[in-house]
Number of protein chains: 4
Amino acid sequence: MIKVGIVGGTGYTGIELIRLLHSHPEVELAAITSRSEAGRPLADLVPSFVSVAPLVFEEPSLHVLQGCDLVFFATPNGTAMRMTPELIDAGLRVIDLAADFRLQDPALWEKWYGEAHACTDLLAEAVYGLPELNRASIKQARLVANPGCYPTAVTLGFIPLIEQGIVDINHLIADVKSGVSGAGRAAQQAVLHAEVSESFKAYAIGGHRHLPEITQNLQFVSKSQPVGLTFVPHLVPMNRGIHATLYAQSLDENAQDLTELFMQRYKKEPFVSVLPAGSHPETRAVRGTNQCILSVNRVSKRQIVVLSVIDNLVKGAAGQAIQNMNIMYDFPEEMGLGSIGLLP
Amino acid sequence: MIKVGIVGGTGYTGIELIRLLHSHPEVELAAITSRSEAGRPLADLVPSFVSVAPLVFEEPSLHVLQGCDLVFFATPNGTAMRMTPELIDAGLRVIDLAADFRLQDPALWEKWYGEAHACTDLLAEAVYGLPELNRASIKQARLVANPGCYPTAVTLGFIPLIEQGIVDINHLIADVKSGVSGAGRAAQQAVLHAEVSESFKAYAIGGHRHLPEITQNLQFVSKSQPVGLTFVPHLVPMNRGIHATLYAQSLDENAQDLTELFMQRYKKEPFVSVLPAGSHPETRAVRGTNQCILSVNRVSKRQIVVLSVIDNLVKGAAGQAIQNMNIMYDFPEEMGLGSIGLLP
Amino acid sequence: MIKVGIVGGTGYTGIELIRLLHSHPEVELAAITSRSEAGRPLADLVPSFVSVAPLVFEEPSLHVLQGCDLVFFATPNGTAMRMTPELIDAGLRVIDLAADFRLQDPALWEKWYGEAHACTDLLAEAVYGLPELNRASIKQARLVANPGCYPTAVTLGFIPLIEQGIVDINHLIADVKSGVSGAGRAAQQAVLHAEVSESFKAYAIGGHRHLPEITQNLQFVSKSQPVGLTFVPHLVPMNRGIHATLYAQSLDENAQDLTELFMQRYKKEPFVSVLPAGSHPETRAVRGTNQCILSVNRVSKRQIVVLSVIDNLVKGAAGQAIQNMNIMYDFPEEMGLGSIGLLP
Amino acid sequence: MIKVGIVGGTGYTGIELIRLLHSHPEVELAAITSRSEAGRPLADLVPSFVSVAPLVFEEPSLHVLQGCDLVFFATPNGTAMRMTPELIDAGLRVIDLAADFRLQDPALWEKWYGEAHACTDLLAEAVYGLPELNRASIKQARLVANPGCYPTAVTLGFIPLIEQGIVDINHLIADVKSGVSGAGRAAQQAVLHAEVSESFKAYAIGGHRHLPEITQNLQFVSKSQPVGLTFVPHLVPMNRGIHATLYAQSLDENAQDLTELFMQRYKKEPFVSVLPAGSHPETRAVRGTNQCILSVNRVSKRQIVVLSVIDNLVKGAAGQAIQNMNIMYDFPEEMGLGSIGLLP
């Protein structure tokens, strides 16, 4: 049993984290904090907690958090890099669900996030928390940078192809579609119901912050060979879910069994399922779960298309953070993450 | 640990039942059956089961089911009343999620369901499975008639008012709104996405099958005084959830604390929450859960408005069935039903 | 041909007004103004105008507007009552789509809108712009108070019953459901897609600003006999449309043909359709149109249920404003308002 | 003024055609036919026609249709090719909105549509009705094959790039997303609201019937050089709209102004708008309209991304058919097609 604190529990990611940790058998939820909502009961902000024993937001501070073993940050970008050092110094471990520790190069961070990185020494130590790539390092980590939602869906879909060296990594394309909860719970006109529903569009065609993160991941897989990636995100009129459609050119035309390749790569992974070629993973199949479902298809001699779905708030955020926690504390990796998606 | 069978597991109610029973610690799911889908794996029909150990549909028969302690029917109306006798004779217990055993009067059943009742002796024995009214009888029952979704939401909202005799029971109104999963998973033009989304309408203004069931419930509560109820169902462009807006005239104008009355009535009920007056229960707060959330409001001297929300597939169907099972087998009533609603 | 100005064209009501006036054959759209968006092209804010000759927002001022014959206010409450006097003095006519001139009693206005009324003399002169009640007065009016969306749907549904004196006007109930565009285009957490979709709730159970407006209308119809109305609004996860479900007690049980009564009352109205009893008007049938569709049903001896649908942005706002304009300038009443609803 | 008949007016495409033709000033809608609904009023099937003078479906036959100048087929594939010869022989002109005359090669038609083509001589004569490619031929045509929805969105997005010979036409990718009305109005489980909403998926990854049609178009543009196209369609939880995201490799890295190129190509086209680079066309901007909105972006030295949106039922079906009619009869090309999209 460990004591856990959450900093920033009022966004969709934080709410999801509380929901999942609430039923985790090895976790005591010792503190949930929010600067703006200190003193308010969780159920005021999240009506689905009305039937649960009350949790109340506290002011985030070392005092409140220091009794914890582990602290999750579900804060806006730029918060965790300021508060993490004192927590680490006090002997706690930290999982950051924001972007503060994802990009290893501080200059790149500054370019995409618009300010200098406040904590470059811990940045060097931080482990990128994609278990399917970094399980061993995560186990030892004091500080885990939980991956972004798009990077999780895209990286898992490309890993087997790049590891085996069978595709042209100069011309990868990720056409990715996300539900609207990825934009957060803050009031913004662009994500009003009346703006989003009954419409579909691309966004950030000029460049999205997850592009350097995905590229970093793919270059890690390619053992530092340069990777050329085109990444176009789109907004889907639904609340949860990411669907990545990934395009890669096969380097030869021999009819390798790509599905078998994917199955081999992921056969020990508790949260990755590979469907037969010709299958169409649906985002609803993973709603509320930590699963990633893949299918890989050779649609012509050279053209490979991978379909990859996750729930952006679970495998793309809170669920993966708990998976990392389970690894860090030697709990069974699936503990607290066994639910089946609601349908419909 | 009991062995459980499900007849008719391919509709939304049956799927929800499988999802919930799958994680129930005292249940072994011994058989799922479907005449039309015999031989097919569940995950083919319900993609959210792709990551779960495979379940395969079998042909429904006494042979397949007789090893079970309990059988749930999640079939169309008219099926359970034909198969139940042989199961009861073989010593099994039965919970029917369809309407076959809900109306005590066979003539009324025939009027609303269009055929003679096939099993009137068991109809007389069947217990109406609303735990908040009938817990003691459910415990002993061999055959439980699981309530309809509308009747659950409406009855729970009216019980305290009628029990206390403080409203005019000749002029009750239930204006009720339901998500589309209540119409089932069969292909029908009227519930296509392109027909339902971005629209709202009433239906069955001429009379809905749940009207006699609700009336029967309210007359049970009123100790057989006749009840006059107007019931208008509406279709909401969403998948899950029922919201009942209930109108009753107070018999006196004294400012009785109605919220306190509701809280007293339901304080021992694990699945009924009462919010302060002025609150607005939301259907999403109960999505995927077995909760009913109520608020009661005196909006003018005489006029009382009760707001009541449930998930039509859980407290309105599969969850309530499991609650009944827990009562029948002396399991803790909340076992397997503790999840918190997804938000968003 | 008249010259028309719009003050406050950036909300959903203003956008709809521009869309409809753009194709009106007797209107020249001389000025669209917005304090916050002055200088920006309309198509930047409303992508559907991209293919149309450019319109650019100007700063609202007498200078910009004084060349107009008529000015529409599509502003937040409290703006029109401050700007209208100088426009009227300058000889223009005004239609206010906000609430500033709807309540005849300034004290009532202050109670519900939270500030003293700034322009009580014009308030006394203003004509309430529901053509089905006030056509003759509208024709002569210098200042029209365009009705609210809920009041339009509810009043049209009750008029024939109250005019004929056949229902108990002490206990009227309006259970009304609205799409989310009624809440406007300003960024608010409560109307984010991820908050609204897949959920349903009542709101303002403690009292909604449209209650006194509806009551004023119904008392006008009842020739000042007091009316007792319970009004409960609900939020539907869709963009456009209002569905009112209206309950009234018949004063006698004789089987009067209510549908015939409604048809007689509205037979000359170009924008009110009455369906046969047992029909279910759908909000999508009026999407983008100025129609109100009604059905009236005697569901038991005494209980009458009226179903009434409108598009909240058209008959409930911009379309009705144009209908009023057509009346004021002796244009054919249907001019510019003849479109058929999109399906789906 | 011409007399027009519609065969098959009960699907979404047929309904849209009736809606648009109803307000076309040069069209008399002489007959709407439906084998299954003969004798029923249109408003029974399409509630938005309730306020319109009644239209009644007739049995389709030469007798009913022969008084027309022009007949539209909005029927399932395989119907028009059987009925068209007698209409052409009787001197009528025909526009087929189904696929019967789209593929010039009968063998290809048979492969993708599963039966031999019934009318190969007229197939040779039929003109593919994409005005932006074939305006001159359309003007003279007796028989027009109206393009599919996906082919319209994709072809318009690729034309300028292929005409100018500046991209590698061996490796084109079209990742396309469609609203659910593209699947038609027939009852199918896969397009129920409860299956579609809150989910996103690809489909037909193994090959879609629109692939050969798009390839034929692009090879027409490339003057018969072979084109390699990967086409992946997806289902969006909305009713109307197609968004195509198109990927092409530039043959050189020189910074040609692609937006200028697109603007030049389409400057005379009344229904194609080109936005500045970096813009994100939204499907709602074209809802209910005949517009195609494009933006073209060079996202890296070699990679070009085109975004293209249409309404699948208008520019992708009924609207384009009317555009073709306008061309065939020398009406102004925009006649009856001038509406602005509803927002929201």
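Let me sum up the structure you'll find in this document. This is a predicted model, so every value here is computed, not measured. (Residues numbered from 1 in each chain as written. Chains lettered and ligands numbered in written order. Predicted model: local features only at pLDDT ≥ 70, side-chain atom pairs only at ≥ 80, totals over all residues. Heavy atoms only, no water.)

1. Quick look at the relation of the copies chain A and chain D
Once chain A is rotated about the relating axis by 180 degrees and shifted along it by 0.0 Å, it coincides with chain D to within an RMSD of 0.0 Å. Both copies are brought into coincidence by an operation consistent with a two-fold rotation axis. A share of 100% of interface residues in chain A that are also interface residues in chain D marks the association as one of identical surfaces. (Least-squares fit on C-alpha atoms with pLDDT ≥ 70 in both. Contact = heavy atoms within 4.5 Å.)

2. A word on the interface of chain A and chain D
Interface size is often expressed as the accessible area that is lost when the parts come together. Contacts between the two partners involve 40 residues from chain A and, on the opposite side, 41 residues from chain D. Summed over both partners, the interface of chain A with chain D buries about 3400 Å², with 58% contributed by carbon and sulfur atoms. Area buried by chain A at its contact with chain D is led by Glu198(A), Phe200(A) and Ile205(A), which between them contribute 21% of it. Taken together, chain A and chain D are joined by 5 salt bridges. Of the charged contacts in the structure, one is a salt bridge between Glu198(A) and Arg287(D), with a shortest N-O distance of 4.0 Å. Summed over the shared surface of chain A and chain D, the number is 24 residue pairs in polar contact (both at pLDDT 80 or more). If you list the elements that add at least two residues to the side of chain A that touches chain D, you get β8 (172-178), α9 (193-196), β9 (201-202), β10 (229-235), β11 (242-249) and β14 (303-310) of chain A. For the side of chain A that touches chain D, the leading source of residues is β11(A), giving 4 residues. When grouped by side-chain class, the residues that make up the side of chain A that touches chain D number 17 nonpolar, 14 polar and 9 charged. (Buried area = accessible area lost by both parts, 1.4 Å probe. Salt bridge = Lys/Arg side-chain N within 4 Å of Asp/Glu carboxyl O. Polar contact = N/O pair within 3.5 Å; in protein donor to acceptor, adjacent residues only side chain to side chain. Helix = DSSP H or I, 4+ residues; strand = E, 2+ residues; numbered from the N terminus. Nonpolar A, V, L, I, M, F, W, Y, C, P; charged D, E, K, R; others polar.)

3. A word on the relation of the copies chain B and chain D
The second copy of the chain is related to the first by a rotation about an axis and a shift along the axis. Take chain B, turn it by 180 degrees, move it 0.0 Å along the axis, and it overlays chain D with an RMSD of 0.0 Å. Interface overlap between copies is the fraction of interface residues in one copy that are interface residues in the other; for chain B against chain D it reaches 100%, indicating a shared surface.

4. Focus on the environment of Cys149(B)
Residue and element names in this part refer to chain B. Within the secondary structure layout, Cys-149 lies in helix α8 (residues 149-163). Between the C-alpha atoms of Cys-149 and His-210, which are 61 residues apart in sequence, the distance is 8.6 Å. Look past the residues within four positions of Cys-149 in its chain and what remains in contact with it is His-210, Ile-242, Ile-310, Asn-312 and Gly-316.

5. Overview of the interface of chain B and chain D
If you look at the interface, chain B gives 18 residues, while chain D gives 18 residues. Regarding the contact of chain B and chain D, the summed buried area is about 1500 Å², with carbon and sulfur atoms giving 53% of it. Run the count over chain B and chain D and you get 2 salt bridges. In this structure, Arg185(B) engages Glu195(D) in a salt bridge whose closest nitrogen and oxygen atoms are separated by 2.8 Å. The leading source of residues in the side of chain B that touches chain D is helix α9 (residues 193-196) of chain B, at 4 residues. For the side of chain B that touches chain D, the residue count by class is 10 nonpolar, 6 polar and 2 charged.

6. Considering the packing of aromatic side chains
A complete count under the given rule lists 16 aromatic pairs over all chains for this structure. The interplanar angle of 20 degrees and the centroid separation of 6.0 Å between the aromatic rings of Tyr329(A) and Phe331(A) together place this pair among those described as stacked. No difference in accessibility class separates Tyr329(A) from Phe331(A), as the two residues are buried. Sitting over the ring of Tyr329(D), Arg93(D) keeps its end group 4.9 Å from the ring centre. (Phe/Tyr/Trp six-rings, centres within 6.5 Å; stacked < 30°, edge-to-face > 60°. Buried < 20%, exposed > 50% of the residue type's maximum accessible area, 1.4 Å probe, protein only. Lys NZ or Arg CZ within 6 Å of the ring centre and 35° of its normal.)

7. Topic: the sheet that holds strand β1 (residues 2-7) of chain B
Residue and element names in this part refer to chain B. Taken in spatial order, the 7 strands make up an open sheet running β3-β2-β1-β4-β5-β7-β6, and their pairing is parallel. Among the strands making up the open sheet, the edge pair consists of β3 (57-58) and β6 (127-128). As paired strands, strand β5 (residues 93-96) and strand β7 (residues 143-145) are joined by 3 bridges and run parallel to one another. Across the sheet, the residue bridging to Ile-95 is Val-144, located in β7. Taken strand by strand, helix α4 (residues 80-89) contacts β1, β4 (70-73), β5 and β7, and its axis lies near 180 degrees from that of β4. (Pairing = 2+ DSSP bridges. Axes fitted to C-alpha atoms, helices over the stretch in contact; angles between N-to-C directions.)

8. Focus: the pattern of salt bridges
Per the stated rule, a full pass over the model turns up 77 salt bridges over all chains. Between Glu163(C) and Arg265(C) there is a salt bridge, and its shortest N-O distance comes to 2.8 Å. Taken as a pair, Glu163(C) in helix α8 (residues 149-163) and Arg265(C) in helix α11 (residues 258-266) lie far apart in primary sequence, 102 residues in all. Arg265(C) sits in the partly exposed class, given a relative accessible area of 21%. Of the charged contacts, one joins Glu132(D) and Lys315(D) as a salt bridge, the two residues approaching to 2.8 Å between their closest N and O atoms.

9. A short note on the sheet that holds strand β9 (residues 201-202) of chain C
Residues and elements named next belong to chain C. A sheet is described by the order of its strands in space; here 7 strands give the open sequence β9-β10-β8-β11-β14-β13-β12, paired in mixed fashion. Lying at the two open borders of the sheet, with one neighbouring strand each, are β9 and β12 (272-274). Of the pairings in the sheet, the one linking strand β8 (residues 172-178) to strand β10 (residues 229-235) comprises 7 bridges and is parallel in character. Each bridged residue has a counterpart across the sheet, and for Lys-177 the counterpart in β10 is His-234. Set on the sheet, α11 makes contact with β12, β13 (292-298) and β14 (303-310); between it and β13 the angle comes to about 150 degrees.

10. Observations regarding the packing of helix α7 (residues 131-140) of chain B against helix α12 (residues 314-328) of chain B
Residues and elements named next belong to chain B. Following both chains from N to C, one finds α7 and α12 inclined at 40 degrees, their axes separated by 9 Å at the closest point. By the angle between their directions, the pair α7 and α12 is classed as oblique. α7 and α12 meet at a crossing whose hand is right-handed. Here Pro-131, Glu-132, Arg-135, Ile-138 and Lys-139 of α7 lie close against α12, whose contacting residues are Lys-315, Gln-320, Gln-323, Asn-324, Ile-327 and Met-328. Counted by class, the contact of α7 with α12 contains 4 nonpolar, 3 polar and 4 charged residues. (Parallel < 35°, antiparallel > 145°, perpendicular 65-115°, else oblique. Left-handed = near helix turned anticlockwise from the far one by under 90°.)

11. Some thoughts on the pairing of β10(C)
Residue and element names in this part refer to chain C. Where burial is concerned, most of β10 is hidden: 7 out of the 7 residues are buried. Burial along β10 is two-sided: the face carrying Leu-229, Phe-231, Pro-233 and Leu-235 and the face carrying Thr-230, Val-232 and His-234 are both buried. Here β9 runs beside β10; their pairing, made up of 2 bridges, is antiparallel. For Lys-201, the partnering residue across the bridge sits in β10 and is Leu-235.

12. Regarding unusual backbone geometry
The peptide bond linking Leu343(A) to Pro344(A) adopts the cis configuration, its omega dihedral lying at -5 degrees. Mapping Pro344(A) onto the fold places it in the segment after α12 (314-328). The backbone phi angle of Ser224(B) is positive, close to 75 degrees, even though this residue is not glycine. Mapping Ser224(B) onto the fold places it in the loop between α10 (210-221) and β10 (229-235). Look at Ser224(B) and you get exposed, because its relative accessible area is 63%. Of note in this structure, Glu198(C) is not a glycine but carries a positive phi near 55 degrees. Assignment of secondary structure puts Glu198(C) in the loop between α9 (193-196) and β9.

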